[in-house]
Structure formats: C-alpha cells, structure tokens
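# Descriptive analysis of the structure
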Amino acid sequence: MAGKPVRPSNAIDQTRRMLSLVTYLRERPGARIEDVARAFGITEDELVSDLDVLPMCGTSFRGGDLLDIDTDGERIWWHNPAALGAEAAEPLRLAADEATALLVAARAVATLPGLRESDRQALLRATAKVETAAGEAAGASSRLSVTFESEGGVFADVDRAIAERRRLWIRYYSPARDEVTEREIDPIRLVSVGHTYVEAWCRRSEARRTFRLDRVAEIRILDEPSAPPEVELRDLSEGLVQPAAEDPEVVVEVAPGGRWVAEYYPHDSAEELPDGGLRIILRTPDPASLRRLALRLGRDGRIVEPHELADSARQAAREALAAYDGVEAAG
C-alpha cells in the first residue's frame, strides 16, 4: 500500500485533488493504482474512495455524460474520456428541475455560518450567472429554501479553521460519560466514516482526539493559531475505532442475541460458547465507555473483565432499572 498522506486533508483539498485526478488519468490510460496514489501522496484506499465518487461526476447526470471510470484492483481505466473532450464542449443547458436544484442549493450554502467571505461572494456571483442563464426556469427556485441542520454550520467552521490554521473552542457532548465539556482543539482534518468527524489535538487532554460533528453543541473560531504536534495520520479505511495493542483488555460474553457485537466492534478474538453465544476479547482506550454497551445488551450480554468495569456496569444497570421503576410508580 502507498504511504500515509503527508499533510492534513479537508473537503476542499479532496475536491481539488479529484479535479487534478481527472486530468491525470486522462493523460495516463491504464495507470497503476500504486503509482497514482504515490503521485498524489495518498493511500491506495483513499484513491479507490475517490474513484468511487468520480463516476457520479460529469457534464450532466444523463447516461453518456457521466465519467465511466473503474478499476480492476491494479489499474485504472477511463472508458469515455471524450465525455470531457472538445467535442463535448457544448453550451451548458439546464433543465428547469436542474436549475432549481442548483440555485436552491447555492443560496443555502451561501448562508452557512463560518463560510469565508471571499468564497461567499464568489458563490453569489456564480449564482447570479446561473439565474441569468436559466431565465424563466430560475423562477421556481425563489419560492424554495433549504435550512441546514446544525452540523452544516459546525462543518463550515471546522473547514475554515483548518484552512486558516486557527484554534477552535467547542462545547462537546460525550455520550459515554453523558456530559458536556468545554475544550480548545487544534483541528487536523475532517473525516467521514459513517458520520463526519474532526480529528484534532485536544488541548484539554493533550492528546489526539476525534470529535463527531453532530455532538458539537457550540463552536467558535479563536484568534490563536492552530499548532498540533506532528502526528502520523491514521488510515481510517478499516473504521474509526482502531484499538492499540497497549489499550486495556475487556472481556465480554454475549448470548446468541448479542452476537452482533463481534460484527460492530474491533476485537482480538471471539470464542464460541456452548449456548451459541460468544466470548469476545477487545481493547479500548476508554473501558468505561463500554458500560453503555452493557446496558444496551441487557440480558444478551455482560462484561466479565476487568472486574471493576463489570461491577460498574451492574451498578449502572441497577440504577437504570430503579429510575424506570420510579417512573412507572409515578404513572
């Protein structure tokens, strides 16, 4: 596999890379995956992820206008490079629904908090040109609006902080501890693994941490420069949670109804039990976070070791049951 990225990547960096990738691949039919990944300073898995997106790009969403790019696992093949050639350079004509969707999305993005003013002005100029070109087709878009959920604003602020190399202040909800904490972080990169996260150096814990954007209750871009220590970027293609060998070991036993744990949690081993369940050995830097897993499993599982965590999980279960009984009695 190719080496790790040499610098942090964000959404804008990835977009620029993919635009360059189109030109690069057009000039190199049958290019080898390892060579392309090395040229762009990314891992082969990251390159394949980009290649999965490119077939959804083109001059329009009509069949022959989309990029027909695929790979056999070793080489990359572009089957219709003429789709972006001079012979395809016809004036862009938007259907009414395409113009409406584009204009509504553009106006919504222009309202995002945290968007750099230069980017906002460029977007508004482009929107005005599309409105002129679309003519009457643009009329419907003025009657529609889109409101982004809070994560959109957080994403914009994080993306801006990364681009401007500035520190962030956040209020963050930790479900494992059921608490909201305030902390300053030096953002490193945005990553998407099921949800969108920011990988950052946390000044509160003085360690690298990963924060899920939809759990950020409040965010501010600070004037202090962002100066995270030099860290090796992890390959997240195997998932966000990748325990280290030195992390504490936890033993969980599950009944047949809890076998899903072995599918969702990275683990060292999963031994079959006589009743059809599993004895699972896994590692985690924060064993206390598994108490929620124990509560979720209920009768389908229990924490066996370490004993302190097992006792804590049982106590949490008793407290949850007592709270439930209290609500029932009040009703």
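Definitions and cut-offs
Residues numbered from 1 in each chain as written. Predicted model: local features only at pLDDT ≥ 70, side-chain atom pairs only at ≥ 80, totals over all residues. Heavy atoms only, no water. Helix = DSSP H or I, 4+ residues; strand = E, 2+ residues; numbered from the N terminus. Buried < 20%, exposed > 50% of the residue type's maximum accessible area, 1.4 Å probe, protein only. Pairing = 2+ DSSP bridges. Axes fitted to C-alpha atoms, helices over the stretch in contact; angles between N-to-C directions.

If you look the chain up in an unreviewed UniProt entry, it shows as Proteasome accessory factor C from Streptomyces griseoloalbus.

For the peptide bond that leads from E305 to P306, omega is -5°, which places it in the cis range. Mapped onto the fold, P306 is located in the loop between β12 (301-305) and α9 (307-330). Even without being glycine, R165 reaches a positive phi, approximately 55°. Tracing the backbone through its elements, the reader meets R165 in the loop between α6 (150-164) and β4 (166-174). For E206, which is not glycine, the phi torsion reads 50° and is therefore positive. With respect to the secondary-structure elements, E206 resides in the loop between β6 (195-202) and β7 (207-212). Relative accessible area serves as the criterion here: at 43%, E206 is assigned to the partly exposed category.

A few words now on the sheet that holds β12. Judged by pairing direction, the sheet is antiparallel, and its 4 strands sit side by side in the order β10-β11-β9-β12 without closing on themselves. The strands lining the two open edges of the sheet, one partner per strand, are β10 (269-272) and β12. Averaged over neighbouring strand pairs, the angle between their axes works out to 25° when direction is ignored. Of the strand pairs in this sheet, strand β9 (residues 249-254) and strand β11 (residues 278-283) are connected by 6 bridges, and their pairing is antiparallel. Counterpart to V254 in the pairing with β11 is L278.

Right, let's get into the pairing of β11. Of the two faces of β11, only the one carrying L278, I280 and L282 is buried; R279, I281 and R283 on the other face are not. Between β10 and β11, which follow one another and run antiparallel, lie 5 residues, and G276 among them has a positive phi close to 95°.

Turning our eyes to something else, we now look at the sheet that holds strand β1 (residues 31-32). Here we have 3 strands laid out as an open sheet, ordered β1-β3-β2, and antiparallel in their pairing. The sheet is open, and its two borders are formed by β1 and β2 (69-71), each paired with just one other strand. Bridge count for β2 against strand β3 (residues 75-78) is 3 bridges, and the pairing is antiparallel. Along β3, the bridge assignment pairs I69 with W78.

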